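Coordinates in review
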Amino acid sequence: MHQKGSKNALAQKLHEDILLKNFIDYVRFDTKADPDSATVPSSKGQLKLGSFLAEKIKALNFDVKQKDTGVVCVRIPASAGFEKVKSLCLLAHLDTAPDASGENVNPSLVENYAGSGIELENGLIIDDKLCPELRNHIGDDIVVTDGTTLLGADDKAGVAILYTLLERLSSGDVKHGPLTIIFSVDEELGKSCNYLDVEEINCDYGVTVDGCDLGEFDVATFNADAAVVTIKGRSVHTAVAKGKLLNALKAGSKFIDLIAAIPSPETTEGLEGFVHPHDIKGGVEQCVIKFIVRSFTKDGLIKLENKLQVAVKELNSLYGENIASISFSFQYANMEEVLSQHPKFLDCCRKSFKDAGVEIKEHFVRGGTDGSNLSNEGLPCPNIFTGGLCCHGPYECLPVASLHKSYAVVEALVKNMATLDAL
Ligand SMILES: [Zn+2]
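These numbers were taken from a predicted model, which means no experiment stands behind them.

Things to note about the overall build of the protein
Looking only at helices and strands, the protein has eleven helices and 18 strands in total. The C-alpha radius of gyration of the protein comes to 24 Å, within 12% of the 22 Å expected for a compact globule of 423 residues. Seen through its principal axes, the protein has C-alpha atoms that stretch 80 × 55 × 40 Å. By residue count, 52% of the 423 residues in the protein fall in the buried class. Pairs at least 24 residues apart make up 80% of the contacts formed inside the protein by residues separated by at least 6 positions. Total accessible area on the protein is roughly 18,900 Å²; 51% of this is exposed by carbon and sulfur atoms. Here the protein holds 42 positive side-chain charges and 59 negative ones, and the gap between their average locations is 4 Å.

Side note on the packing of helix H4 (residues 153-169) against helix H11 (residues 400-419)
Across the interface, H4 lies against H11 with an axial gap of 10 Å and an inter-helix angle of 50°. One element, H4, and the other, H11, form an angle in the oblique class. The element H4 and its partner H11 pack so that their crossing is right-handed. Contacts from Ala-157, Ile-161, Leu-162, Thr-164, Leu-165, Arg-168 and Leu-169 in H4 reach Leu-403, Ser-406, Tyr-407, Val-410, Glu-411 and Val-414 in H11. Along the lines of polarity and charge, the residues of the contact of H4 with H11 split into nine nonpolar, two polar and two charged.

Points about the coordination of the zinc ion
Around the zinc ion, the donor atoms from the protein are His-93 (NE2), Asp-154 (OD), Asp-210 (OD) and Asp-210 (OD), and they sit 1.9 to 2.7 Å away. Each of the four donor atoms around the zinc ion contributes to a set of angles spanning 52 to 146°, which defines the coordination as irregular. Sequence spacing of the donors to the zinc ion: H-x60-D-x55-D. With Asp-154 in helix H4 and Asp-210 in strand E10 (residues 205-211), the pair connects residues that are 56 residues apart, well separated along the chain. Accessibility assignment for this pair places Asp-154 and Asp-210 in one class, buried.

A closer look at helix H3 (residues 44-59)
Since the α-helix turns once every 3.6 residues, residues separated by three or four places project in the same direction. Look at H3: 23 Å from first C-alpha to last across 16 residues, which is about the 22 Å you get at 1.5 Å a residue. Buried within H3 we find Gly-45, Gln-46, Leu-49, Gly-50, Leu-53, Ala-54 and Ile-57. Those residues of H3 hidden inside the fold are in contact with helix H2 (18-27), strand E2 (63-66), strand E3 (72-76), H4 and strand E9 (179-184). Positioned one or two residues after H3, Asn-61 has a phi angle of 70°, which is positive.

Topic: the side chain of Thr-164
You can see Thr-164 is positioned in helix H4. For Thr-164, a relative accessible area of 10% translates into the label buried. Only 3.0 Å separates the side chain of Thr-164 from the side chain of Asn-22, close enough to count as a polar contact. Excluding its chain neighbours within four sequence positions, the residues that come into contact with Thr-164 are Leu-19, Asn-22 and Tyr-407.

A closer look at the sheet that holds strand E18 (residues 398-399)
Spatially, three strands are ordered E5-E8-E18 in an open sheet, and the strand pairing comes out antiparallel. Among the strands making up the open sheet, the edge pair consists of strand E5 (108-110) and E18. The pairing of E5 with strand E8 (residues 142-144) spans three bridges and is antiparallel. When the bridges of E8 are listed, Val-110 appears paired with Ile-142.

Focus: the domain arrangement of the protein
On domain assignment, one finds that the protein holds domain 1 (3-221 + 334-419) and domain 2 (223-331). The C-alpha-based centres of domain 1 and domain 2 are spaced at 38 Å. Contacts between the two partners involve eight residues from domain 1 and, on the opposite side, ten residues from domain 2. Area buried by domain 1 at its contact with domain 2 is led by Asn-334, Phe-364 and Arg-366, which between them contribute 70% of it. Counting every contact that joins domain 1 to domain 2 gives one salt bridge. Between Lys-298 and Glu-337 there is a salt bridge, with its nearest N and O atoms 3.3 Å apart. Every element with two or more residues in the side of domain 1 that touches domain 2 is listed here: strand E11 (216-221) and strand E16 (361-365). By residue class, the composition of the side of domain 1 that touches domain 2 is three nonpolar, three polar and two charged.

Things to note about the pairing of E10
Counting buried residues in E10 gives seven out of seven residues, a clear majority hidden from the surface. The pairing of strand E4 (residues 88-93) with E10 spans four bridges and is parallel. Bridge pairing links Leu-90 to Val-207 in E10. As paired strands, E10 and strand E17 (residues 383-385) are joined by three bridges and run parallel to one another. Residue pairing across strands places Thr-208 opposite Asn-383, the latter belonging to E17.

Some details on the environment of Val-288
By the secondary structure assignment, Val-288 is in strand E14 (residues 286-295). Spatially, the C-alpha atoms of Val-288 and Val-228 are 6.9 Å apart, while their sequence positions differ by 60 residues. Other than its neighbours up to four places away in sequence, Val-288 contacts Val-228, Val-229, Thr-230, Asp-279, Ile-280 and Lys-281.

About the criteria used
Residues numbered from 1 in each chain as written. Predicted model: local features only at pLDDT ≥ 70, side-chain atom pairs only at ≥ 80, totals over all residues. Heavy atoms only, no water. Helix = DSSP H or I, 4+ residues; strand = E, 2+ residues; numbered from the N terminus. Rg over C-alpha atoms; globule rule 2.2 N^0.38 Å. Buried < 20%, exposed > 50% of the residue type's maximum accessible area, 1.4 Å probe, protein only. Contact = heavy atoms within 4.5 Å. Areas by Shrake-Rupley, 256 points an atom, 1.4 Å probe, with all protein chains shown as cover. Lys, Arg positive; Asp, Glu negative; His and termini not counted. Charge placed at Lys NZ, Arg CZ, Asp CG, Glu CD. Axes fitted to C-alpha atoms, helices over the stretch in contact; angles between N-to-C directions. Parallel < 35°, antiparallel > 145°, perpendicular 65-115°, else oblique. Left-handed = near helix turned anticlockwise from the far one by under 90°. Nonpolar A, V, L, I, M, F, W, Y, C, P; charged D, E, K, R; others polar. Donors = N, O, S within 2.8 Å, 3.2 Å for Na, K, Ca; no water. Tetrahedral: all angles 85-135°; square planar, octahedral: opposite > 155°, others 65-115°. Expected span 1.5 Å × (residues − 1). Polar contact = N/O pair within 3.5 Å; in protein donor to acceptor, adjacent residues only side chain to side chain. Pairing = 2+ DSSP bridges. Domains from an automatic or database assignment. Buried area = accessible area lost by both parts, 1.4 Å probe. Salt bridge = Lys/Arg side-chain N within 4 Å of Asp/Glu carboxyl O.

Rendered as structure tokens:
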């Protein structure tokens, strides 16, 4: 028997659970990022949620600014006597993924999850085949959608955690060092770091609150480059083409054959890197193939790129002329190299998981996070879980206990940063 969510049960909970109430308030804003928009941020909803937050934060008497880009930045001076401790920047993003609608999110609560799957209002089923992590959440209360939109736990769970932290800090009884809290925009478009300036943030360390399942602590990401192979053909009227025409489209197809043995996303997992052709456009005259190249090590990245270069040479020698060329461009770098230079900070994070009673799962992300860029720009920045599962679509859900555990880790981190001697 699949369980169903209840709106009444959710409404009841909101009376007693401020963190959850804040989260539900924010998912009602449609902040879906728009990849086709030329504006910054890419959607108005992000500005609306940002100004809603900025007003509330102002009312708590914190120094808050919403920039033209939509980024909201809160500066919190250290408690008296803690001015010298290392400064910490906490980040969450306002936007939701463009993959699914974020309009009229209509959440409900599945109480005491029994383990046999959840039926959403429109009939979609979330079970542990689709979302294996659910097996670890039997007995939890879980927020779900009605099946027509995403939930927005990615990353409004992070936004709710950081806002709730501000409410807690406004009481003055948590002693802390200098803090900066940033609500960023268009993270889902890979653009958020374009609007963040590490020098201006001016903090010793950062943490993004933008991970998934309970306990996740992301300390490594891929190194990422993009590659473009351009193949030049020769168009000749088909009536007289024999021996003259060179069809770039066919050469492109040949090139895809030549790279069949190079590791790809569908043949790799764990710490293995890959090459992934994701776009091909062209005709007789020209064919352009776009790739992403990913590896946890820089060496691995170079090896994969060498394989692509070898394939280009092979194609050229097959055709007996230089019809193909390749170019590479940097996308982001593994944060691990930077983070490994700050073992005390990582230990401080690990201690915070322990203090919050959360079993830590140190994680290598087969992708990038904002921390990949921020770390390499000078703000060492791992990522911690929010509790959200199955993100970016209608199956997205949020075990309430995980949300609270994430909050507990973040609050413990703020306290631990203040009590550790110079890290
Ligand atoms: Zn996210």
